[in-house]
Amino acid sequence: MIYLKLIWAYLKIGLFGFGGGYAMLSLIESSIVAPGWISEQMFTDIVAISQMTPGPIGINSATYIGYVAPGVDSAQFASPLWGVAGSLLCTLVVVVPSFILTFYASHFISRHRESAYVKGVFTGLRPVVVGLIASAALLLMNGANFGTVPVDIIISVAICVVSFVLVFFVKIHPILVILLSGMAGYLIF
């Protein structure tokens, strides 16, 4: 039964998650945290790890949740074999709908590239994607990421601001900033 639930959750994500990983975060979060497959803290950890590893957030989360969810749902599915099967299943389910839709959409768009309707659709989608990315940013501004004690919140925001300044203005490589931020968080917290 857990595999059918996973198929349904990641089929929705694969079909309706557009605009990139950040835009999909709220859909992924509601699909995997609400059923109790992972906690909110684990979700924020998945997002952080997904950003440091190759591959999109949707696929990385599908692989991880597919591995963890069978064991969380039932003790009889706690073996690594069931987890690997869940990982493969979720990864395929999240990729195949997007692949099919992208293949069809690219064919359709190339045929109707100059259409005012197609141009209008893309013009209308831009603010939606920006809104979805802003929604993902707000979703990640929670106690699991920034703490609940005022001092922890101030320190977390300071690390965030310093990281942004180092990458955007000072032009330090993001991987180095990730490592420095991780070390700072480890030493402080």
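From a predicted model like this one, the values you see are computed outputs, not experimental measurements. Along each chain, the written sequence defines residue order, and numbers are assigned to residues from 1. Side-chain atom pairs in this predicted model are given and counted only at pLDDT of 80 or more, local residue features only at pLDDT of at least 70, and totals for whole chains, interfaces and linings cover all residues. Water and hydrogen atoms play no part in the side-chain values, which are based on all heavy atoms of the structure.

Peer 1: Looking at this structure, how should I read the overall build of the protein?
Peer 2: Numbering of helices and strands runs from the N terminus, with a helix taken as a DSSP run of H or I at least four residues long and a strand as a DSSP run of E at least two residues long. Scanning the protein from terminus to terminus reveals nine helices and zero strands. Tracing the protein from N to C terminus, the helices and strands come up as α-α-α-α-α-α-α-α-α. With respect to the three principal axes, the spread of C-alpha positions in the protein is 55 × 50 × 25 Å. Note on exposure labels: buried denotes an accessible area under 20% of the residue type's maximum, exposed denotes more than 50%, and partly exposed covers the range between, all computed with a 1.4 Å probe on protein chains only. Every one of the 189 residues in the protein was classed for burial, and the buried ones make up 26%. Computed with the Shrake-Rupley method and a 1.4 Å probe, the accessible areas treat only the protein chains shown as cover for residues. A total accessible area of about 11800 Å² is found for the protein, and carbon and sulfur atoms account for 76% of it. Two residue types count as positive, namely Lys and Arg, and two as negative, namely Asp and Glu; His and chain ends fall outside the count. Where a charge sits is defined by one atom per residue type, namely NZ (Lys), CZ (Arg), CG (Asp) or CD (Glu). Counting 7 positive and 6 negative side-chain charges, the protein places the centres of these two groups 21 Å from one another.

Peer 1: Looking at this model, I keep getting lost on the environment of Y22. Mind explaining?
Peer 2: As for its placement among the helices and strands, Y22 is situated in helix α2 (residues 21-32). Relative accessible area serves as the criterion here: at 40%, Y22 is assigned to the partly exposed category. Contacts between residues were defined by any pair of non-hydrogen atoms, one from each residue, lying within 4.5 Å. When neighbours within four sequence positions are excluded, Y22 is seen to be in contact with Q51, I57, L132, I133 and A136.

Peer 1: Help me understand the packing of helix α4 (residues 57-73) against helix α5 (residues 80-111) in this model?
Peer 2: Each pair of packed helices gets described by two things: the angle between the helix axes and the distance between those axes. What counts as an axis is a line fitted to C-alpha atoms, over the stretch in contact for a helix, and the angles between N-to-C directions run from 0 to 180 degrees. Contact pair α4 / α5: the axes reach a minimum separation of 7 Å and the direction vectors enclose 145 degrees. Once α4 is placed against α5, the crossing between them reads as right-handed. On α5, the residues that touch G58, I59, A62, T63, G66, Y67 and P70 of α4 are P80, W82, G83, V84, G86, S87, C90, T91, V94 and V95. For this scheme, ten residues count as nonpolar: Ala, Val, Leu, Ile, Met, Phe, Trp, Tyr, Cys and Pro. Four count as charged, namely Asp, Glu, Lys and Arg, and the remainder, Gly too, count as polar. Across the contact of α4 with α5, the residue classes tally to 10 nonpolar, seven polar and no charged. Left-handed describes a crossing whose near helix is turned anticlockwise from the far helix through less than a right angle; right-handed describes the clockwise counterpart.

Peer 1: Help me out: how do you make sense of the packing of helix α1 (residues 2-16) against α4 in this one?
Peer 2: Packing of α1 against α4 leaves a shortest axis separation of 10 Å and a crossing angle of 155 degrees. Relative to α4, α1 is oriented roughly antiparallel. In this structure, α1 meets α4 at a crossing whose hand is right-handed. Here I2, Y3, K5, L6 and Y10 of α1 lie close against α4, whose contacting residues are G58, S61, A62, I65, G66, A69, P70 and D73. With respect to orientation, any angle under 35 degrees is reported as roughly parallel, any angle over 145 as roughly antiparallel, any angle of 65 to 115 as roughly perpendicular, and every other angle as oblique.

Peer 1: Help me out: how do you make sense of the nonpolar core in this one?
Peer 2: As a rule of thumb, soluble globular proteins bury nonpolar side chains together. By nonpolar core is meant a set of buried Ala, Val, Leu, Ile, Met, Phe, Trp, Tyr and Cys residues that side-chain atoms within 4.5 Å join together. Ranked by internal contacts, the top residues of the largest apolar core, which has 27 residues, are L6, Y10, I32, W37, I38, F43 and I65. Of all the elements in the fold, those that place two or more residues in this core are α1, α2, α3 (40-52), α4, α5 and α6 (116-140). For this core, the element with the highest residue contribution is α1, accounting for six residues. Contact partners of I65, with chain neighbours within four places excluded, come to L6, Y10, I32, W37, I38, I46 and P70.

Peer 1: Explain α4 to me, please; I cannot follow it from the model alone.
Peer 2: Helical geometry note: an α-helix holds 3.6 residues per turn, so side chains three or four residues apart project in the same direction. Taking 1.5 Å of rise per residue, 17 residues should cover 24 Å, and α4 covers 23 Å from first to last C-alpha, within 8% of that figure. What is called the bend at a residue is the angle between a pair of axes, fitted to the seven residues leading up to and ending at it and to the seven starting from it. At I65, α4 shows its largest bend, some 30 degrees. Within the span of α4, buried status applies to I57, G58, N60, S61, A62, I65, G66, V68, A69 and P70. Against the buried residues of α4 lie α1, α2, α3 and α5. Here the expected span of a helix is defined as 1.5 Å times the quantity of residues minus one.

Peer 1: I would appreciate a short explanation of the environment of Q51 in the present structure.
Peer 2: Examined against the element boundaries, Q51 turns out to sit in helix α3. Of the residues examined, Q51 reaches a relative accessible area of 37% and is grouped as partly exposed. Non-local contacts of Q51, meaning those with residues more than four positions away in its chain, are made with Y22 and I57.

Peer 1: Is there a simple way to think about α6 in this case?
Peer 2: In this model, α6 (25 residues) spans 37 Å end to end at C-alpha, consistent with the 36 Å of a helix rising 1.5 Å per residue. Residues of α6 that are buried include every one of V118, A136 and L140, and no others. Close packing links the buried residues of α6 with α2, α3, α5 and α7 (143-146). Looking at where α6 begins, the residue whose side-chain oxygen comes 3.2 Å from the main-chain nitrogen of Y117 is S115. Polar contacts, as used here, are pairs of N or O atoms within 3.5 Å; protein pairs need one atom able to donate a hydrogen and one able to accept it. Residues neighboring in sequence count only if both atoms are side-chain atoms.

Peer 1: What is the right way to read unusual backbone geometry from this model?
Peer 2: Apart from glycine, the bulk of residues carry a negative phi angle, and the bulk of peptide bonds sit in the trans form. The residue K171 is not glycine, and still its phi comes out positive at about 65 degrees. Tracing the backbone shows K171 in the loop between α8 (150-168) and α9 (174-188).

Peer 1: How should a nonpolar patch on the surface be read in this particular structure?
Peer 2: Residues I153, V157, V161, F164, V165, F168, F169 and V170 make up a contiguous nonpolar surface patch of about 710 Å² in total accessible area. With respect to the helices and strands, the residue F169 is situated in the loop between α8 and α9. By relative accessible area, F169 is classed as exposed at 56%. Patch building starts from residues that exceed 30% relative accessible area and form no salt bridge, then joins like charges within 9 Å and nonpolar side chains (Val, Leu, Ile, Met, Phe, Trp, Tyr) within 5 Å. Each salt bridge in this description consists of a side-chain nitrogen of Lys or Arg and a carboxyl oxygen of Asp or Glu lying within 4 Å of one another.

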